[in-house]
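Chains, contacts and geometry: an overview
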Amino acid sequence: MIFLGSDHAGFELKEFIKNFLEKKGLKYLDVGTNSLKSVDYPDYALKAAKKLMEDSDKSSFGILVCGTGIGMEIAANKVDGIRAALVHDEYTAEVAKRHNNANILTLGGRTTTPTEAERFIDKFMSFEYEGGRHDNRIFKITFIEKSEC
Ligand code: RB5
């Protein structure tokens, strides 16, 4: 399952991504927003992140879109277990999976074209997390998450 969310600034790109996923036969769940009316991106980051964390399918992930992808990235990363990555080219989309085991991609509706978004999503989905030396780093991120610091 792919959990999708956006604010008003990411709404149009999110709608495009839905169409793209449908054409590929991929299942998604859209948590909103559903129009261009101004909303607060953390509300949608939280909805999508919670749904993803409740999903036991390890192949599930999220895609969040705001104006730049920055706000969605910051907000989603406050949720335990979320590793949200703002990607802005095919390389960052690839290493977000291979090295960071990102489980949410964030994109900017004002900075990323629909064609770029397709390419970044395809790239992210075509790689696996490498594990190995990256496991210890992910473990340290989880440690920060669980500690009181
Ligand atoms: C909304 O205008 C904009 O601030 C928001 O979509 C996002 O870019 C924040 O990071």
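Overview of the structure. None of the values given here were measured: they were computed from a predicted structure.

Core analysis: the largest hydrophobic core is formed by 20 residues, its most contacted members being Ile17, Ile63, Val87, Leu107 and Ile121. Where this core is concerned, the elements lending two or more residues are strand S1 (2-6), helix H1 (11-23), strand S3 (61-66), helix H4 (90-98), strand S5 (104-108) and helix H5 (114-125). Apart from the residues lying within four places of it in its own chain, the contact partners of isoleucine 17 are Leu4, Ile63, Val65, Leu107, Ala117 and Ile121. Core analysis: the next-biggest nonpolar cluster, separate from the first, contains 17 residues, Ala48, Leu64, Met72 and Ala84 among them.

Here we come to the site of the ligand. Inspection of the region around the ligand gives Asp7, His8, Ala9, Tyr41, Cys66, Gly67, Thr68, Gly71 and Arg110 as its neighbouring residues. In this structure, an oxygen atom belonging to the ligand sits 3.0 Å away from a main-chain N or O atom of threonine 68. A distance of 3.3 Å separates an oxygen atom of the ligand from a polar atom in the side chain of arginine 110. Coverage of the ligand by the protein chains reaches 71% of its 290 Å² of free accessible surface. Its residues placed into classes, the shell around the ligand shows three nonpolar, four polar and two charged.

Attention now moves to a nonpolar patch on the surface. On the surface, Phe139, Phe143 and Ile144 cluster together into a nonpolar patch covering about 360 Å² of accessible area. Relative to the helices and strands, isoleucine 144 resides in helix H6 (residues 133-146). Taking relative accessible area as the criterion, isoleucine 144 reaches 52% and is therefore assigned exposed.

About the cut-offs
- Residues numbered from 1 in each chain as written.
- Predicted model: local features only at pLDDT ≥ 70, side-chain atom pairs only at ≥ 80, totals over all residues.
- Heavy atoms only, no water.
- Core = buried A, V, L, I, M, F, W, Y, C linked by side-chain atoms within 4.5 Å.
- Buried < 20%, exposed > 50% of the residue type's maximum accessible area, 1.4 Å probe, protein only.
- Helix = DSSP H or I, 4+ residues; strand = E, 2+ residues; numbered from the N terminus.
- Contact = heavy atoms within 4.5 Å.
- Near = heavy atom within 4 Å.
- Polar contact = N/O pair within 3.5 Å; in protein donor to acceptor, adjacent residues only side chain to side chain.
- Areas by Shrake-Rupley, 256 points an atom, 1.4 Å probe, with all protein chains shown as cover.
- Nonpolar A, V, L, I, M, F, W, Y, C, P; charged D, E, K, R; others polar.
- Patch = residues over 30% accessible without salt bridge, like charges linked within 9 Å, V, L, I, M, F, W, Y side chains within 5 Å.
- Salt bridge = Lys/Arg side-chain N within 4 Å of Asp/Glu carboxyl O.

Shape is all these values report; function is a separate question.
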